[in-house]
Amino acid sequence: MDDLAQTPLYDLHVELGAKMVPFAGYSMPVQYPLGVMKEHLHCRAQAGLFDVSHMGQVILSGDSWDAVALAFERLVPMDVLGLEDGRQRYGFFTNDAGGIEDDLMFARRGDDLFVVVNAACKVADVARMRAALEPEITVTEITDRALIALQGPGAVDVVAAMDGRAADMRFMDVRDLDLGGVPVWASRSGYTGEDGFEISVPEAQAEALVRKLLDHEAVEPIGLGARDSLRLEAGLCLYGHDISAGTTPIEGALIWAIQKVRRDGGDRAGGFPGSAVILEQLSGGAGHKRVGLLPEGRAPMREGTPLYDAETEGAPVGQVTSGGFGPSVGGPVAMGYVSQNLSDVGTSLWGEVRGKRLPVTVAKLPFVAPNFKR
């Protein structure tokens, strides 16, 4: 653990009794004394506080918003130019084969673009942006800010008690707030399927702000264990597992994230890495697809479990990419890839666990209805 990086909140995690584990090069809390199950359910019922400071924060700036947006569109298949000031969007970097190099969030802050990327990919992502965009666009990696997420139906009351403007924010709104005297960049978003906020805060003031939030009776600290089960129930992808450089957005069931203006017939169709592959799959489909999976019984089907279309014999038709117990569902849940012809909801399959094939059904995603503020 000595060679792992630490977030600005590391000492607080230890003080709170967190079990620390290696994750994406950082020492991160996997759970607190409350335990993963109770942390998960508390976040669904009240408010959970996550340290996500290991993720990369980047500012892109240039001569104008149009210059920044159009430059970034060379790297992603999203409508960046059409993003209104104070709004955020989900996106992903693609490669020449149409695969996903990383998924990310990007927000317009005036004429600048604020980009948040995954911890394990941030070195490569920053290098990618600098190689493709500079010197036309200035790429600034932010290293003096922490990033936290307050998630759950009680999150808005906690944040709005510190700055009433938070209550008026919609899902994916971005706004500067003042939380107990601390200036922050806040977005009404998160990765749990619940309402909540992701908050970028100056590093020097991060611990004080987190302590104030934890003082609220509705707020509990939440670790990586519950973060994973929450996002899985919400049908949200984990990069490097459910999506990767070898899976396209169409295979990953992320078509919704590609706006019409970047598709065939749109005003700015194509022009991003792998556009020929992705646009062809948009019109003609892909050979396999990410789906939800509900195993029968109580035994989870973990990542790597092979999937079959028959109880005996035959070759695998897919594989589980994320799986575990869903505390809110009350049973095992999973996601994985199957052949396109087997991807309809209700299709019966079998997953091979310790040499035995067990029944599993293709299910609609998400497993838990989203609770975003629309």
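The notes below deal with the structure included here. Remember, it's a predicted structure, so these values are computed and weren't measured experimentally. (Residues numbered from 1 in each chain as written. Predicted model: local features only at pLDDT ≥ 70, side-chain atom pairs only at ≥ 80, totals over all residues. Heavy atoms only, no water.)

This part is about the sheet that holds strand E15 (residues 306–308). Two orientations exist for strands paired in a sheet by backbone hydrogen bonds: parallel and antiparallel. One closed barrel accounts for six strands, arranged E14-E17-E16-E15-E18-E19; its pairing is antiparallel. Put simply, the sheet's adjacent strands are angled 45° from each other on average, direction ignored. Looking at chain direction, strand E18 (residues 348–353) and strand E19 (residues 356–363) are connected through six bridges and run antiparallel. In the sheet register, Ser-348 faces E19, and the bridge partner there is Thr-361. Its contacts with the sheet put helix H7 (residues 224–233) on strand E16 (318–326) and strand E17 (331–339), and the angle it makes with E16 is roughly 115°. (Pairing = 2+ DSSP bridges. Helix = DSSP H or I, 4+ residues; strand = E, 2+ residues; numbered from the N terminus. Axes fitted to C-alpha atoms, helices over the stretch in contact; angles between N-to-C directions. Contact = heavy atoms within 4.5 Å.)

In this section: the packing of aromatic side chains. In this structure the tally under the stated criterion is six aromatic pairs. Ring centres 5.7 Å apart and planes at 65° place the aromatic pair Phe-72 and Phe-106 in the edge-to-face group. Remark: Phe-106 occurs in strand E6 (residues 100–109) and Phe-72 occurs in helix H3 (residues 65–72); sequence separation between them is 34 residues. Phe-106 carries the same exposure label as Phe-72, and that label is buried. Their ring planes at 25° and their centres at 5.4 Å tell us that Tyr-90 and Trp-256 sit as a pair that is stacked. Of this pair, Tyr-90 sits in strand E5 (residues 88–94) while Trp-256 sits in the loop between H7 and helix H8 (275–284), and the two are 166 residues apart along the sequence. Among the residues examined, Tyr-90 registers a relative accessible area of 8% and is labelled buried. One aromatic cluster is present, built from ring pairs that chain together Phe-72, Phe-93 and Phe-106. The ring of Trp-185 has Arg-145 sitting right over it, with the charged end atom 3.8 Å from the ring centre. (Phe/Tyr/Trp six-rings, centres within 6.5 Å; stacked < 30°, edge-to-face > 60°. Buried < 20%, exposed > 50% of the residue type's maximum accessible area, 1.4 Å probe, protein only. Lys NZ or Arg CZ within 6 Å of the ring centre and 35° of its normal.)

The next subject is H3. Within the span of H3, buried status applies to Trp-65, Val-68, Ala-69, Ala-71 and Phe-72. When H3 is viewed along its axis, its buried side chains cluster within an angular range of 165° and face the same direction. Among the structural elements, strand E4 (56–61), E5, E6, strand E7 (112–117) and helix H4 (122–133) are those in contact with the buried residues of H3. (Arc of directions from axis to C-beta.)

For the rest of this paragraph, the subject is the pattern of salt bridges. A side chain with one charge can pair with a side chain of the opposite charge if their charged atoms come near. Applying the stated criterion across every chain, the model contains 19 salt bridges. Residues Arg-74 and Glu-136 are paired through a salt bridge, measuring 3.5 Å at the closest nitrogen-oxygen approach. In this pair, Arg-74 sits in the loop between H3 and E5 while Glu-136 sits in the loop between H4 and strand E8 (138–142), placing the two residues 62 residues apart along the sequence. Look at Glu-136 and you get partly exposed, because its relative accessible area is 44%. A single network of salt bridges, built from pairs that share partners, joins Glu-73, Asp-79, Arg-262 and Arg-268. (Salt bridge = Lys/Arg side-chain N within 4 Å of Asp/Glu carboxyl O.)

Our focus in this paragraph is the sheet that holds strand E10 (residues 174–179). Ordered by their spatial adjacency, six strands build an open sheet running E10-E11-E12-E9-E3-E13, and the pairing between neighbours is mixed. Two strands bound the open sheet, and with one partner strand each, they are E10 and strand E13 (219–221). Neighbour-to-neighbour, the strand axes of this sheet turn through a mean angle of 30°, independent of strand direction. Taken together, the four bridges between strand E3 (residues 47–51) and strand E9 (residues 145–151) define a ladder with antiparallel strand orientation. Bridge pairing in E9 links Asp-51 to Ile-148. Strands E3, E9, E10, strand E11 (182–187), strand E12 (196–202) and E13 of the sheet are contacted by helix H6 (residues 203–214), whose axis makes an angle of about 145° with E12.

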